[in-house]
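Here is what each chain is made of, one letter per residue.
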Amino acid sequence: MHHFRGTLLLASMATLFACTQVQEDDEQEPTTDDEAIVLSTEQIQVELAEEPRNARGPKLSSPPAVSAAPAISPPSFDSYAQPEQETSRFDNGEDNPVFRSLDQPVSTFSADVDTSSYAFARRMILKDGRLPYSESVRVEEFINAFDYDYPLPPSASEPFQPSVSVFDAPWKNGHQVIRIGIKGYDLEPAEEPDSNIVLLLDVSGSMNQPDKLPLVVKSMNLLVEQLDENDRLSVVVYAGSAGMVLEPTPGNEKTKIKQALGRLRAGGSTAGGEGLDLAYSLAQENFDPDKVNRVILATDGDFNVGITGDDPLEDFISRKRDEGIYLSILGFGAGNLNDQLMQRLAQNGNGVAAYIDDLEEARRILVREFTSSMFPIAEDVKFQVEFNPAAVKEYRLIGYQTRLLNEEDFDNDEKDAGEVGSGHTVTALYEVVPTNADGWLPERRYDERAVEFDPSAELAFLKIRYKLPGEDTSKLISTPITPDMITDSPSGDDQFTTAVSMFAEWLAGSSYAPNDGSFDDVEQLAQSGKGGDPYGDRSTFLRMVQAAREIDAAP
């Protein structure tokens, strides 16, 4: 029915979002022990200034002044700011077209390991009881939200070992699916580099909701547990202005870090650009070429004071990436989520863009997949597939609409592409039409380029280009996709990926998706491919499908 695909209210980049200021009670004493003390950023800075510096930490210049406010007790649930009018922004591009192999045999795209689109949809369906906005659904992020049993490479020097299978498309007779998968080299604990992390936390007034700043603090506490004495963590916050609330601190000083996080409160407008500038300056002061130097931004929305335009922000982050400082972005809450900007900034910063809707998702991103999120094993990862007209008449790439590259970009080492972390899996699906089958496109009257079907011919040729961390010259992995990769018994992972892609394309309103979502087929395929499911991720997907069926059937 797709009645949920209304028009989003889109705000321009320069629009100033109204932020609800927390009501303060000057007479109330701050709480202690079990309740977190909520202080202004200036008060936290005063406390830290009175503490002795760690001898191993560099002395920093004084942070900029931020507006002070009296200490207050944590607000009750009822006092949290109410969600504002929907101003979220998303972009999933346009449906990839169908191509004739004779006309355009080469398909090129960048790797994408982000999962924010899937997490946002899960929240909408399972918690809000609504189908997600079609513009928010990026099919590849649904597929890549799950781990797959692809072969691991033996060493970090060649971080991928391609896995390919070909099987009948469950949604279209006569069509086939080519599934391409890689799993990044999984670093051993002794191989994991140390980290120089700057947390950049949005504490503007709109963050004063249970699923925003309180969840940010809990999520960052999970991150802190993954650090040790060789790591350094700093905290910068921004609201009406930006300030440092925790100087670079060894990762084993967990109490000190958690106390600083627990004293944050929300209030003010959103000086996101100024916060980025301060966070990168702090990362640069403590830069260590032997560590992973990364800014992690946690926010619910936009950047509306300071570096405001999309292009200036992207240029700024790209320059810092080239200097060795990366950016990852974690989105929280809803209402004014600028997912569109988050995606572009994370891409330019060689980082991931994730959406955290509850503590379990925070645990997945920051604990279960900590090494994947933090430690890159390959940069500028690109895929290129050349189809053979003797075997494949037509094809379409499923998803990756916002990650498409020109053919010439593949060999251009100056062209930025996706980063893949330790143990990350990346999956891409193509729907193809064999040369001897009926396809999407009609026959042409004047096209005399007849190609006979050759059942023994290669279907396509796969190339993967990547750079090892810190290197400027890319390396190449290539392999033919041959008829012996065609199977009548797709694996559990094959079945699960096709189930996820069918569901995601339906949510996205793709012209290639069945109108009714094919819920029975999706459930059957997902159940067949569920496997061991140690963390329950695939079971949760099945619950999403069942809930979406009920929502779609509702009058």
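Okay, so let's go over this structure. If you're wondering where the values come from, they're calculated on a predicted model, not measured in any experiment. (Residues numbered from 1 in each chain as written. Predicted model: local features only at pLDDT ≥ 70, side-chain atom pairs only at ≥ 80, totals over all residues. Heavy atoms only, no water.)

## Overview of the overall build of the protein chain
What counts, and what does not: In this description a helix means any DSSP run of H or I spanning at least four residues, a strand means any run of E spanning at least two, and both kinds are numbered starting from the N terminus. Any two residues whose heavy atoms approach within 4.5 Å at even a single point are treated as in contact. Accessible surface area values rest on a Shrake-Rupley calculation with a 1.4 Å probe, where residue burial reflects the displayed protein chains alone.
Secondary structure summary: the protein chain contains 13 helices and 16 strands in total. Taking as baseline every contact in the protein chain between residues at least 6 positions apart, the subset at least 24 positions apart corresponds to 82%. Surface exposure of the protein chain reaches about 22600 Å², of which carbon and sulfur atoms provide 46%.

## Details of the sheet that holds strand β12 (residues 392–398)
Note the following rule: Following DSSP output, two strands are said to pair if at least two bridges run between them.
Strand order in the open sheet formed by 5 strands is β1-β12-β14-β4-β3, and the pairing between neighbours is antiparallel. Looking at the sheet topology across the chains shown, the edges are occupied by β1 (99–100) and β3 (163–168). Across 6 bridges, β12 lies against strand β14 (residues 425–434) in antiparallel orientation. Within the sheet, the bridge partner assigned to Ile398 lies in β14 and is Leu429.

## A word on the packing of aromatic side chains
What counts here: Working definition: rings of Phe, Tyr and Trp (its six-membered ring) pair if their centres are within 6.5 Å, and the pair is stacked with planes under 30 degrees apart, edge-to-face with planes over 60 apart, and tilted otherwise. For each residue, the accessible area found with a 1.4 Å probe, counting protein chains only, is set against the maximum for its type, and the residue is called buried under 20%, exposed over 50%, and partly exposed in between. In this scheme, Lys NZ or Arg CZ marks a charge over a ring once it lies within 6 Å of the ring centre and within 35 degrees of the ring normal.
Within this structure, the stated rule accounts for 24 aromatic pairs. Arranged with centres 6.0 Å apart and planes meeting at 85°, the rings of Phe146 and Phe541 form a pair that is edge-to-face. Here Phe541 lies in helix α13 (residues 537–553) and Phe146 lies in the loop between α3 (139–143) and β3, a separation of 395 residues in the sequence. A relative accessible area of 0% means that Phe541 is categorised as buried. Put simply, the rings of Tyr118, Phe142, Phe146, Phe496, Phe503, Trp506, Phe519 and Phe541 pair up and form one aromatic cluster. Taking NZ or CZ as reference, Arg368 lies 3.8 Å from the ring centre of Tyr535, over its face. Lying across the ring of Phe496, Arg538 places its NZ or CZ 4.4 Å from the centre.

## A closer look at the layout of surface pockets
What counts, and what does not: A pocket, in this scheme, is an open set of points on a 1 Å grid over the protein atoms alone with protein on both sides within 12 Å along at least 5 of 7 lines, while a cavity is a set where a 1.4 Å probe fits but cannot get out; residues line either one if an atom lies within 4 Å of a point. Grid points are joined across faces, edges and corners, and a volume is the space filled by probe spheres set on the points. For this classification, the nonpolar set comprises Ala, Val, Leu, Ile, Met, Phe, Trp, Tyr, Cys and Pro, the charged set comprises Asp, Glu, Lys and Arg, and every other residue, Gly included, is treated as polar.
Roughly 820 Å³ of internal volume is contained in the largest pocket. Contributing to the lining of the largest pocket are 31 residues, with Tyr326, Glu379, Pro469, Gly470 and Glu471 lying nearest its centre. Among the elements of the structure, β8 (292–299), α7 (310–322) and β11 (376–387) are those that each provide at least two residues to the lining of the largest pocket. Residue contributions to the lining of the largest pocket peak at 4 residues, all from β11. Residues belonging to the lining of the largest pocket are distributed by class as follows: 11 nonpolar, 4 polar and 16 charged. For the second largest pocket, the calculated volume is near 690 Å³. Lining the second largest pocket are 34 residues, and of these Phe146, Asp147, Tyr148, Arg368 and Glu369 sit closest to its centre. Counting residues per element, the ones that place at least two in the lining of the second largest pocket are β10 (353–356), α9 (359–368), α10 (370–374) and α13.

## Focus on the packing of helix α12 (residues 519–528) against α13
This is how the line gets drawn: Interaxial angles span 0 to 180 degrees and are taken between N-to-C directions of axes, which are lines fitted to C-alpha atoms, for helices over the stretch in contact. The scheme is simple: roughly parallel for angles under 35 degrees, roughly antiparallel for over 145, roughly perpendicular for 65 to 115, oblique for anything else.
Relative to each other, α12 and α13 sit at 170°, their axes nearing to 10 Å. Regarding the angle of α12 to α13, the classification is roughly antiparallel. On α13, the residues that touch Phe519, Asp520, Val522, Glu523, Ala526 and Gln527 of α12 are Phe541, Leu542, Val545, Gln546, Ala548, Arg549 and Asp552. Classifying every residue of the contact of α12 with α13 gives 7 nonpolar, 2 polar and 4 charged.

## Describing the sheet that holds β10
The strand order across the open sheet formed by 6 strands is β7-β6-β5-β8-β9-β10, and the pairing between neighbours is mixed. Edge positions in the open sheet fall to β7 (242–250) and β10, since each of these has one partner strand only. Shown here is a sheet whose adjacent strand axes are inclined to one another by a mean of 20°, direction ignored. Bridging between strand β6 (residues 232–238) and β7 involves 6 bridges; their strand directions are antiparallel. The residue of β7 that forms the bridge with Val235 is Leu246.

## Quick look at the environment of Glu505
The residue Glu505 is located in helix α11 (residues 492–507) in this model. Residue Glu505 is classed as buried on the basis of its relative accessible area of 7%. Sequence-wise, Glu505 and Val139 are 366 residues apart; in three dimensions their C-alpha atoms are separated by 6.3 Å. When sequence neighbours within four positions are dropped, the list of residues in contact with Glu505 reads Val139, Arg396, Ile398, Ser510 and Ala513.

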